[in-house]
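Chains, contacts and geometry: an overview
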Amino acid sequence: MKLENEEFCLEESTIPPGFRLDTPQDQNFYLVEGRILPWKGRVIDVYSPIHIKKSGKITEKKIGSYPSFTRAQVLSALKAALSAYDNGQGRWPAEPLTSRAKAINKFLDQLAGKKKKIIKKLMWEIAKPYVELENEFERTMEFAQTVIETAKKNDVEVRKREKGIIGFVRHEAFGVALCMGPYNYPFFETLSLVIPALLMGNTVIVKPPKFGLLFFQDLLKDFRDCFPPGTVNVIFGDSEVLIPPLMESGDINIFAFIGTSQTANELISLHPKKNRLQTLLGLEAKNAAVVMADADCKASVKEVLLGALAFNGQRCAALKIVFVNKEIVECFLKIMKTEIAGIKVGMPWLKGVRITPLVDAQRIPYLKDLVDDARSHGAEILNPNGGRSFLSLFYPTIIFPVDSKMRIYHEEQFGPIIPIIPFASIETPVKYLANSSFGQQVSVFGQDIPALADFRDRVKCQVARVNINIKCQRGPDSLPFTGRKDSARGDFSPDQIWKSFSVRTTVALREGELAEKLIPRLSGKTG
Ligand code: G3H
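Please read all numbers here as calculations on a predicted model, not as lab measurements. (Residues numbered from 1 in each chain as written. Predicted model: local features only at pLDDT ≥ 70, side-chain atom pairs only at ≥ 80, totals over all residues. Heavy atoms only, no water.)

With respect to the overall build of the protein
Check the secondary structure of the protein and you find 17 helices and 28 strands. Compactness check: the protein gives a C-alpha radius of gyration of 25 Å against a globular reference of 24 Å for 527 residues, within 12% of the reference. Projected onto the principal axes, the alpha-carbon positions of the protein cover approximately 75 × 65 × 40 Å. Evaluated residue by residue, the protein yields a buried proportion of 56% over its 527 residues. Relative to all contacts within the protein whose residues are 6 or more apart in sequence, the contacts with residues 24 or more apart total 74%. When the accessible area of the protein is evaluated, it comes to approximately 22,200 Å², of which 51% is carbon and sulfur surface. Across the protein, the 71 positively charged side chains and the 59 negatively charged ones have centroids separated by 3 Å. (Helix = DSSP H or I, 4+ residues; strand = E, 2+ residues; numbered from the N terminus. Rg over C-alpha atoms; globule rule 2.2 N^0.38 Å. Buried < 20%, exposed > 50% of the residue type's maximum accessible area, 1.4 Å probe, protein only. Contact = heavy atoms within 4.5 Å. Areas by Shrake-Rupley, 256 points an atom, 1.4 Å probe, with all protein chains shown as cover. Lys, Arg positive; Asp, Glu negative; His and termini not counted. Charge placed at Lys NZ, Arg CZ, Asp CG, Glu CD.)

Notes on the site of the ligand
The ligand sits among R139, N184, Y185, E189, R315, C316, A317, Q473, R474 and F481. The contact in question runs from an oxygen atom of the ligand to an N or O atom on the side chain of R139, over 2.8 Å. Residue R474 places a main-chain N or O atom 2.7 Å away from an oxygen atom belonging to the ligand. Protein chains bury 95% of the 300 Å² of accessible surface belonging to the ligand in isolation. The class makeup of the residues in the shell around the ligand is 4 nonpolar, 2 polar and 4 charged. (Near = heavy atom within 4 Å. Polar contact = N/O pair within 3.5 Å; in protein donor to acceptor, adjacent residues only side chain to side chain. Nonpolar A, V, L, I, M, F, W, Y, C, P; charged D, E, K, R; others polar.)

Let's talk about the domain arrangement of the protein
Segmenting the protein into domains produces domain 1 (68–282) and domain 2 (287–482). Spacing between the C-alpha centres of domain 1 and domain 2 amounts to 32 Å. Counting residues at the interface gives 18 residues for domain 1 and 16 residues for domain 2. Between domain 1 and domain 2 the total buried area reaches about 1,500 Å² when both faces are included, carbon and sulfur atoms providing 60% of it. The interface formed by domain 1 and domain 2 holds 2 salt bridges in total. In this structure, E189 and R474 form a salt bridge, with 3.0 Å as the shortest nitrogen-oxygen distance. Where domain 1 meets domain 2, there are 5 residue pairs in polar contact (both at pLDDT 80 or more). For the side of domain 1 that touches domain 2, the elements supplying multiple residues, two or more each, are helix 4 (115–126), helix 5 (130–154) and helix 6 (188–199). When grouped by side-chain class, the residues that make up the side of domain 1 that touches domain 2 number 11 nonpolar, 2 polar and 5 charged. (Domains from an automatic or database assignment. Buried area = accessible area lost by both parts, 1.4 Å probe. Salt bridge = Lys/Arg side-chain N within 4 Å of Asp/Glu carboxyl O.)

Section: the environment of F332
By the element assignment, F332 lies in helix 11 (residues 326–341). Separated by 37 residues in the primary sequence, F332 and A295 place their C-alpha atoms 9.7 Å from one another. Beyond its immediate sequence surroundings of up to four residues, F332 is in contact with V291, C297, S300, V301, V304, V322, V324 and I420.

A few points about the packing of helix 5 against helix 6
Geometrically, a packed helix pair is captured by the angle between its two axes and the distance between the axes. Contact geometry for helix 5 and helix 6: axes closest at 10 Å, N-to-C directions at 20°. As far as their axial angle goes, helix 6 and helix 5 are roughly parallel. Considering how the two elements wind past one another, helix 5 and helix 6 form a crossing that is right-handed. When helix 5 is examined against helix 6, the residues E136, R139, T140, F143, A144, V147, I148 and A151 are found in contact with a partner set consisting of F188, L191, S192, I195, P196 and L199. (Axes fitted to C-alpha atoms, helices over the stretch in contact; angles between N-to-C directions. Parallel < 35°, antiparallel > 145°, perpendicular 65-115°, else oblique. Left-handed = near helix turned anticlockwise from the far one by under 90°.)

Description of the packing of aromatic side chains
The way to describe two aromatic rings as a pair is by their centre distance and the angle between their planes. Across all of its chains, the model carries 23 aromatic pairs by this definition. With a centroid separation of 6.1 Å and 65° between ring planes, the pair formed by F69 and F236 is classed as edge-to-face. Of this pair, F69 sits in the loop between strand 8 (62–67) and helix 1 (71–85) while F236 sits in the loop between strand 13 (232–234) and helix 8 (239–249), and the two are 167 residues apart along the sequence. For the pair formed by F69 and F236, the shared burial category is buried. Against the face of Y185 rests K128, its NZ or CZ located 3.7 Å from the ring centre. In this arrangement the basic side chain of K221 is found over the ring face of F29, its NZ or CZ atom lying 5.7 Å from the centre. (Phe/Tyr/Trp six-rings, centres within 6.5 Å; stacked < 30°, edge-to-face > 60°. Lys NZ or Arg CZ within 6 Å of the ring centre and 35° of its normal.)

Thoughts on the pairing of strand 22 (residues 417–423)
For a regular strand, side-chain orientation follows a simple rule: the groups alternate between the two sheet faces. Of all 7 residues making up strand 22, 6 are buried, and the element is well covered by its neighbours. Note: strand 17 (residues 319–325) against strand 22, 4 bridges, orientation parallel. For V322, the partnering residue across the bridge sits in strand 22 and is I420. Sheet analysis places strand 21 (residues 397–400) next to strand 22, joined by 3 bridges and oriented parallel. Bridge assignment links I399 to a residue of strand 22, and that residue is P419. (Pairing = 2+ DSSP bridges.)

Looking at the sheet that holds strand 1 (residues 10–11)
Pairing is mixed across the open sheet formed by 3 strands, whose spatial order is 1-6-7. Because the sheet does not close on itself, it has two edges, and the strands there are strand 1 and strand 7 (57–59). Pairing geometry for strand 1 and strand 6 (residues 52–54), over 2 bridges, is parallel. Within the sheet, the bridge partner assigned to E11 lies in strand 6 and is K53.

Next comes the structure, spelled out in structure tokens:
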């Protein structure tokens, strides 16, 4: 396939009409203390990773712009969040969880009506396949409902009666939550922090990711209409300007962040009272696939390709290194070369497309460096077009044989490169996992029950999930989603995440008449 192909840079008129973004999405307003005001300050332009041909010339398509907040504007968002929280006596934290759930449901109803508009903007901003964005949207709505239902059922804990004392336990808010989602799942992973934070009575400051943020302009009126003033504050601009003053203030009580451990650590270090800062962190990962000698070769290749290449490998849970037993490596590589040739590369609206433009084209030189470094240490690119790029497209690349001298062995590529390591003994992947700084998940492929069980026992304290004959992934979302070492702190699953945004707060009193009358009142069961 020729990369410099017509279909990778189209005239706008040839794009199917339903997928075109005809009007620029300029955000000329912002939300502050429950008011939507015109934005008069500096703006940041947004360009799509999808290039367009105009009169035969390749051009970058500007798709919109958003406000660039100053330090003073960020601090006024913080002031609004603090005053809405009002030491836990503000309207929002004082309301019972059921009323907060009602307000969130109203917000979600509004959101549901904007699905198409939001997905189209996201498609142009992050070039994720349209179908995957539809799933991301639905997944978010489902996630929010499960969080709400689980928290409603479990918010009031059993009254413990022991030694004549009754303990009545309820989950109460922390304070101000700062929520920052990533650019690969800007909708799902940002809202799946914001919704539980709000549900538990916190006031929230949201910093949208660098890419995939234009849809926030469609939410501002709903934030204003569904929640008391100052409860939700969205700040726009450069993280390096926006986040330090928030952290340095010492007034952020929860830092919910999905990104790199380096950024997380730098930001946390700015907080003057680290012991007061609750953190929920989804960080980097380098999930391995381990293909045993008795694995079904074809099925494991297909699953590894899905795991490594879905959304161009720009997923924290992507398979980023593949260990294949030497006995089947030849068969594995042969099938992989055939399968990779059939993977559809192109624009995100195409049916069945797997490889689309990378969100951040500035990463392409980094990906090329990783490939060049591996080649300089003796690895080869096994597939035609591997290692090549055109505009913001990077062609999927199989590199073999990889070893510990190469950077790709250690670094998280976050792109469509599949490094393959042949191994003779299971000790090789087991040691890799033990020595890795990351500890999210692993996938193992094989048939032999004792060997699979033994592998699980060997790695169960290195990763937080062992997948057997399936790729690494967050879903189904009802399962725990966490990690060890530098991969995560806290569990992002809907039955746990709301707990990270609340403190178990107890009322203890002696058994007796007063307790019998007071407890139903505290449970919210009677007036
Ligand atoms: O980027 C990390 C995502 O949370 C993983 O979710 O496995 O469904 O792609 P996913």
